[in-house]
Amino acid sequence: MTTQSNIPAGSYPDADGTPGGTLFTEPVLVVNQKAKLIELTNEYKVMDQNGRDLGAVVEVGQGVLRKILRFVSSWDQFLTHRLEIRDTTGQPQLLLTRPAKIFKSRVLVARPDGSPVGEIVQQNMIGKINFAMNVDGRQVGAIKAENWRAWNFAIVDDAGTEIARITKTWEGLAKTLFTTADNYVLQIHRPLPEPLRSLVVATALTVDTALKQDSRGLG
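Reading the values: rules and limits
Residues numbered from 1 in each chain as written. Predicted model: local features only at pLDDT ≥ 70, side-chain atom pairs only at ≥ 80, totals over all residues. Heavy atoms only, no water. Helix = DSSP H or I, 4+ residues; strand = E, 2+ residues; numbered from the N terminus. Buried < 20%, exposed > 50% of the residue type's maximum accessible area, 1.4 Å probe, protein only. Contact = heavy atoms within 4.5 Å. Areas by Shrake-Rupley, 256 points an atom, 1.4 Å probe, with all protein chains shown as cover. Pairing = 2+ DSSP bridges. Polar contact = N/O pair within 3.5 Å; in protein donor to acceptor, adjacent residues only side chain to side chain. Core = buried A, V, L, I, M, F, W, Y, C linked by side-chain atoms within 4.5 Å.

Peer 1: What is the right way to read the overall build of the protein from this model?
Peer 2: For the protein, the count of helices and strands is three helices and 12 strands. Sorting the 219 residues of the protein into buried and exposed places 47% on the buried side. For the protein, long-range pairs separated by at least 24 residues make up 38% of all intrachain contacts whose partners lie at least 6 apart in sequence. Of the roughly 11100 Å² that the protein leaves accessible, carbon and sulfur atoms contribute 55%.

Below you can see the structure in the form of structure tokens.
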């Protein structure tokens, strides 16, 4: 007797077999940075390939002085940044901390209860930038910048096999979702085990804020 799957088309099941449709089960995530006249707090909207809301990425812990510093200079990019990846109800799913840095970036990824997932560590400063995804001191994958200006990133596992990709364009996406230049797409090629899946999501959803950290101040 054949049973029909209740999993929505185009999504992966959760680890317990329940249907997809979350930040951690959709094979395609569309990230949109909310437009601000002057960006003092990073905030991103996350959707599936059909434009349905899946959650958000919000920078937290910024006081008034930090916002002023960000407004008048570019020094904010060297300070500690904290972000929350939240679901559609506003509940944190992952906590990310990018400690203060001078040259290379490092992002600590944790569960809402504070238990560590892993870390994302910048490997080099010259040429095409690479980041290692580490768990308990062991590298489980990497993100490789193929063309930062064009937003082409390959995400590979510990064997070097591509498991996901970040791009600015994707043919399968509704054109209406690309009305601004602030959108980019994460395509996950196959279901991934934890904690690799969480690290891939964390890497992709914070690649601009936590990893690239380009200057958005006026200085």
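Peer 1: Got a minute to help me understand the environment of Gly137 in this structure?
Peer 2: Mapping Gly137 onto the fold places it in the loop between strand S8 (130-135) and strand S9 (138-147). Among the residues examined, Gly137 registers a relative accessible area of 78% and is labelled exposed. The spatial distance from the C-alpha of Gly137 to the C-alpha of Glu119 is 8.9 Å, given a sequence separation of 18 residues.

Peer 1: What is the right way to look at the pairing of strand S4 (residues 81-87) in this model?
Peer 2: Along a regular strand, successive side chains alternate from one face of the sheet to the other. Bridging between strand S3 (residues 53-60) and S4 involves six bridges; their strand directions are antiparallel. Residue pairing in the sheet places Val60 in a bridge with Arg82 of S4. Where S4 lies against strand S5 (residues 92-98), six bridges are found, and the strand directions are antiparallel. Paired with His81 across the strands is Arg98, a residue of S5. In this antiparallel pair of consecutive strands, S4 and S5, the connection spans four residues, and Gly90 shows a positive phi of 90°.

Peer 1: Whenever I open this one, the pairing of strand S11 (residues 162-167) confuses me. Can you help?
Peer 2: Judged by how many residues are buried, S11 sits mostly within the fold: five of six residues are covered. With four bridges connecting them, strand S10 (residues 152-157) and S11 associate as antiparallel partners. Counted as the bridge partner of Ala154 is Arg165 from S11. Between S10 and S11, which pair antiparallel in sequence order, lie four residues; one of them, Gly160, sits at a positive phi of approximately 85°.

Peer 1: What exactly am I supposed to notice about the environment of Lys104 here?
Peer 2: Relative to the helices and strands, Lys104 resides in the loop between S5 and strand S6 (106-110). The sequence separation of Lys104 and Val121 amounts to 17 residues, and the corresponding C-alpha distance is 7.8 Å. Apart from residues no more than four positions distant in its own chain, Lys104 is found in contact with Gln122, Gln123, Asn124 and Met125.

Peer 1: I tried to follow the side chain of Gln187 on my own but got confused; where do I start?
Peer 2: Along the chain, the position of Gln187 falls in strand S12 (residues 183-188). A distance of 3.4 Å separates a polar atom in the side chain of Gln187 from a polar atom in the side chain of Thr167.

Peer 1: Looking at this model, I keep getting lost on the nonpolar core. Mind explaining?
Peer 2: One broad rule of soluble globular proteins: the nonpolar side chains tend to lie buried together. Counting 41 residues, the largest nonpolar core has Val109, Ile155, Ile166, Leu186, Val200 and Leu205 as the members making the most contacts within it. Ranked by residues supplied to this core, first place goes to helix H2 (residues 196-205) with seven residues. Beyond its immediate chain neighbours, meaning those up to four positions away, Ile155 contacts Met133, Ala142, Ile143, Thr161, Glu162, Ile163, Ala164, Ile166, Leu186 and Val200.

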